[in-house]
Amino acid sequence: MNNTVPEQQIPVPPATPSEHLEKYKALITSSNIGAWEYFTETDFLWCNEIYFSLLGRDIKDYDMSGSSNSNTTWIDLIHPEDKEEATARFEAYVKKPIGTHESYFRMKHRDGNWVWIWSRGMLFKNIKESSQNIIIGTHVDITRHKNAEEAIHQERILLRTLIDTLPDTIYVKDIEGRKIIANNADVTYIGRTSEEEVIGKTDLDLFNNEFGKRGYEDDMRILRSGNPIINQEEYFLDSAGTKRWLLTTKMPVRDEYGRIIRLLGIGHDITVRKQSDEVLKKLNADLYLQSQELSKQAEDLKSLNKQLKKQKEQELEKAIAQGKFEIASEFLHDIGNAMVGLGSHLNRINHAVDKNNPDNIKNLIVFLKAHQTSIADAIGTNKADALITLTEGIAVTLNDNGAEIHTSITELFNIVTHIQEILNIQRQLVRSHPGIHERKPVNLEHIIYDCRSMLFASIDKKGIQLKINIKPGNYTIKGDHTKLMQVFLNVLKNSIEAIDGGAVEKSIAINMHTAGEVLELTVTDNGHGFDAATANLFFVRGFTTKKSGTGLGLYNCRTIIESHAGSFEIKSDGPGRGAVTIIKFIV
């Protein structure tokens, strides 16, 4: 048990009125607040030293004896523009002193500047002298605050002028998706005449259609998730029903605590660009169709060439076997005439393409650049620049497509030339003694490159990478040039057809070299490949893996190669693993 006697609490005597007054004065002084008391009956305004020091003045220069002095201590120091309102507000409070008096005005500093003052006061009932009311109050210097407020106001005016001058739509929405700011461009795009007509409304209110729903859903998603939309292309119909395109960016605005409180949106009109894209797209589509038509004509010519070769072989063999060389000669003559006609047709196509003179577009570009300033004055700098850029793009596209068409026509001419060379060879065979075909020197390297030229369109169209690797050496043998070309064309076509058009990697490699007395040529592709069972049937007359095949291609190829004292072999490691064709000659 604790027997310690608790210490006696010494009472603290209450503060005297004079002590309270001193504390009051110390508080006012430490706060740098001007204090004043106004006596309603005598019109006397008592002010403390800080009241005057806020204005760079000294209390000693003013009468504080108790007589009427409100003019010299207050009214005469108020800015002329603020005096009427400030005195009227104070007089109204004096007459009816309910609540708190509050006013803002400027007072003249000793150095000639104006100080913004925040004046507050309230009625203090004098108990001893109940006949006279006293209003006590404070003066606080808020010049910095007012200057900052004015600077913010001016910046706001400048910013508002800027966003209303820009052609882009700029707007701000609250957390509910309602517009609280909309610049002139945004108001115009919405189809209204003033900002007041759109303030407080969501996209659902402004666009009662799918565009409004789309915009509102985007707003809500951004305000919920905080994930912005950057440069999103979207279209809408304006008040005239015209389709317009905007490049829209929407960003969430956060407060100092990271909370989303606003949504800022900017829309850049790209209607002209989209329309230009459509024009270019249509132009490219038209050029593509022309290119496709030319490609189709090339394919038709290749198909015709294949049919003619097949028909020629059949007719020539029949003619030679039966001794009807005159008939075969007339047949070759007719084919030659057809090739001449085809060459003439290609020349007409070439001339027609040349009529599309790209210099006209170039002259137009020169004209536009020469008058760019005048055009910019008429339609705007951005649109003038876009017009020149669009025209230059069209010129490049026309030039590129013209070059591509000329290349295709050149390839067709090469094909016709090869056909005519083959016809010339066959004419010589027909004119020779039946059954006797004199073997002449044939350069296999030349045949390979000729075959590449003839099949270039098919290889390029399918996106196949063709690699030719021929080591230094002598690749001339005695043989039948036409028959050997037929073999190599058939092998390459088989490789092209075996490659899937959707494959990521598409390649054919031709390698040729000599080792001692053996000349070896290999054609390797990464096509479908085949199994061992299929490989055993390749050289069976009539067997084919193609829907439209005759089953004579590989059979005839091996027959031709063997007739040249060579060997013909085709191998594969299995389905999907490509194939390799190996041809060997003794030199």
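What you see is a predicted model; the values in this text were computed from it and never measured.

Caption draft 1: Representation of the pattern of salt bridges in the model. On inspection of all chains with the given rule, the structure shows 24 salt bridges. Here glutamate 233 and lysine 274 are joined by a salt bridge, their closest N and O atoms 3.0 Å apart. Of this pair, glutamate 233 sits in strand E8 (residues 229–237) while lysine 274 sits in helix H9 (residues 271–322), and the two are 41 residues apart along the sequence. For glutamate 233, a relative accessible area of 36% translates into the label partly exposed.

Caption draft 2: Representation of the packing of aromatic side chains within the structure. In total, this model carries 11 aromatic pairs according to the counting rule given. Ring centres 5.7 Å apart and planes at 25° place the aromatic pair phenylalanine 39 and phenylalanine 44 in the stacked group. On the basis of relative accessible area, phenylalanine 39 is assigned to the buried category, the value being 18%. Plain terms: the ring middles of tryptophan 74 and phenylalanine 90 are 5.5 Å apart, the flat faces sit at 65° to each other, and that makes the pair edge-to-face. A residue pair is termed long-range when its members are at least 10 positions apart, and tryptophan 74 in the loop between helix H3 (70–73) and helix H4 (80–95) and phenylalanine 90 in helix H4 qualify at 16 residues.

Caption draft 3: A look at the packing of helix H16 (residues 481–498) against helix H18 (residues 553–563). Between H16 and H18, the least distance of the axes is 9 Å, while the angle of their chain directions is 140°. The pairing of H16 with H18 is recorded here as oblique in orientation. Handedness of the crossing formed by H16 with H18: left-handed. Across from Lys483, Leu484, Gln486, Val487, Asn490 and Asn494 in H16, the residues of H18 making contact are Gly553, Leu554, Cys557, Ile560 and Ile561. For the contact of H16 with H18, the class distribution of residues is 6 nonpolar, 4 polar and 1 charged.

Caption draft 4: The sheet that holds strand E15 (residues 518–525), seen in detail. Reading across the sheet, the 5 strands line up as E12-E14-E15-E17-E16 and stay open at both edges, with mixed pairing between neighbours. At either end of the open sheet lies a strand with only one pairing partner, and these are strand E12 (465–470) and strand E16 (566–571). Across the sheet, the mean angle separating the axes of adjacent strands is 10° when strand polarity is ignored. In the packing of H16 onto the sheet, contacts are made with strand E14 (507–515), E15, E16 and strand E17 (579–586), and the angle to E15 comes to roughly 30°. Running at roughly 150° to E16, H18 makes contact with E16 and E17 of the sheet.

Caption draft 5: Region of the structure containing the nonpolar core. Formed by 39 residues in total, the largest nonpolar core has its most connected members in Leu444, Val487 and Phe568. Among the elements of the structure, helix H14 (444–454), H16, E14, E15, H18, E16 and E17 are those that each provide at least two residues to this core. Not counting the four nearest positions on each side in its chain, valine 487 is found in contact with Cys557, Ile560, Ile561, Phe568 and Ile583.

Caption draft 6: Quick peek at the side chain of threonine 202. Inspection of the secondary structure assignment puts threonine 202 in the loop between helix H6 (184–190) and helix H7 (203–206). In this view, threonine 202 contacts Glu176, Gly177, Arg178 and Tyr216; residues no more than four positions away in its chain are not counted.

Caption draft 7: Spatial organisation of the pairing of strand E9 (residues 243–254). Pairing between E8 and E9: 7 bridges, direction antiparallel. The partner of isoleucine 229 across the bridge, within E9, is lysine 250. Adjacent in sequence and paired antiparallel, E8 and E9 are bridged by 5 residues, among which glycine 241 carries a positive phi angle near 85°. Alignment of E9 against strand E10 (residues 260–269), held across 9 bridges, turns out to be antiparallel. Paired with leucine 246 across the bridge in E10 is aspartate 269.

Caption draft 8: Local environment of unusual backbone geometry. Notably, asparagine 231 is not glycine yet its phi reads approximately 50°, a positive angle. Relative to the helices and strands, asparagine 231 is located in strand E8. The backbone of alanine 565 sits at a positive phi, close to 60°, despite the residue not being glycine. Within the fold, alanine 565 resides in the loop between H18 and E16. For alanine 565, a relative accessible area of 54% gives the class exposed.

Caption draft 9: Quick peek at the sheet that holds strand E1 (residues 34–39). The strand order across the open sheet formed by 5 strands is E2-E1-E5-E4-E3, and the pairing between neighbours is antiparallel. The open sheet terminates on both sides in strands that have one partner only, identified here as strand E2 (44–47) and strand E3 (100–108). When strand polarity is set aside, the average angle formed by the axes of neighbouring strands in this sheet is 25°. Pairing analysis gives 6 bridges linking E1 to strand E5 (residues 133–141), with the strands arranged antiparallel.

Caption draft 10: Quick peek at the pairing of E17. Pairing of E15 with E17 involves 8 bridges; the strand directions are antiparallel. If you follow leucine 519 over to E17, its bridge partner there is phenylalanine 585. As judged from the 6 bridges shared by E16 and E17, these two strands associate in the antiparallel manner. Considered in E17, the bridge of isoleucine 570 is made with threonine 581.

Caption draft 11: Spatial organisation of helix H11 (residues 358–370). Between its first and last C-alpha, H11 extends 19 Å over 13 residues, near the 18 Å set by a 1.5 Å rise per residue. Along H11, the residues that are buried comprise Ile361, Ile365 and Leu368. When H11 is viewed along its axis, its buried side chains cluster within an angular range of 65° and face the same direction. Residues of H11 that are exposed and angled more than 90 degrees away from the buried face: Asn360, Val366 and Ala370.

The rules we used
- Residues numbered from 1 in each chain as written.
- Predicted model: local features only at pLDDT ≥ 70, side-chain atom pairs only at ≥ 80, totals over all residues.
- Heavy atoms only, no water.
- Salt bridge = Lys/Arg side-chain N within 4 Å of Asp/Glu carboxyl O.
- Helix = DSSP H or I, 4+ residues; strand = E, 2+ residues; numbered from the N terminus.
- Buried < 20%, exposed > 50% of the residue type's maximum accessible area, 1.4 Å probe, protein only.
- Phe/Tyr/Trp six-rings, centres within 6.5 Å; stacked < 30°, edge-to-face > 60°.
- Axes fitted to C-alpha atoms, helices over the stretch in contact; angles between N-to-C directions.
- Parallel < 35°, antiparallel > 145°, perpendicular 65-115°, else oblique.
- Left-handed = near helix turned anticlockwise from the far one by under 90°.
- Contact = heavy atoms within 4.5 Å.
- Nonpolar A, V, L, I, M, F, W, Y, C, P; charged D, E, K, R; others polar.
- Pairing = 2+ DSSP bridges.
- Core = buried A, V, L, I, M, F, W, Y, C linked by side-chain atoms within 4.5 Å.
- Expected span 1.5 Å × (residues − 1).
- Arc of directions from axis to C-beta.

Fair warning: the whole summary comes from geometry, so function is off the table for now.
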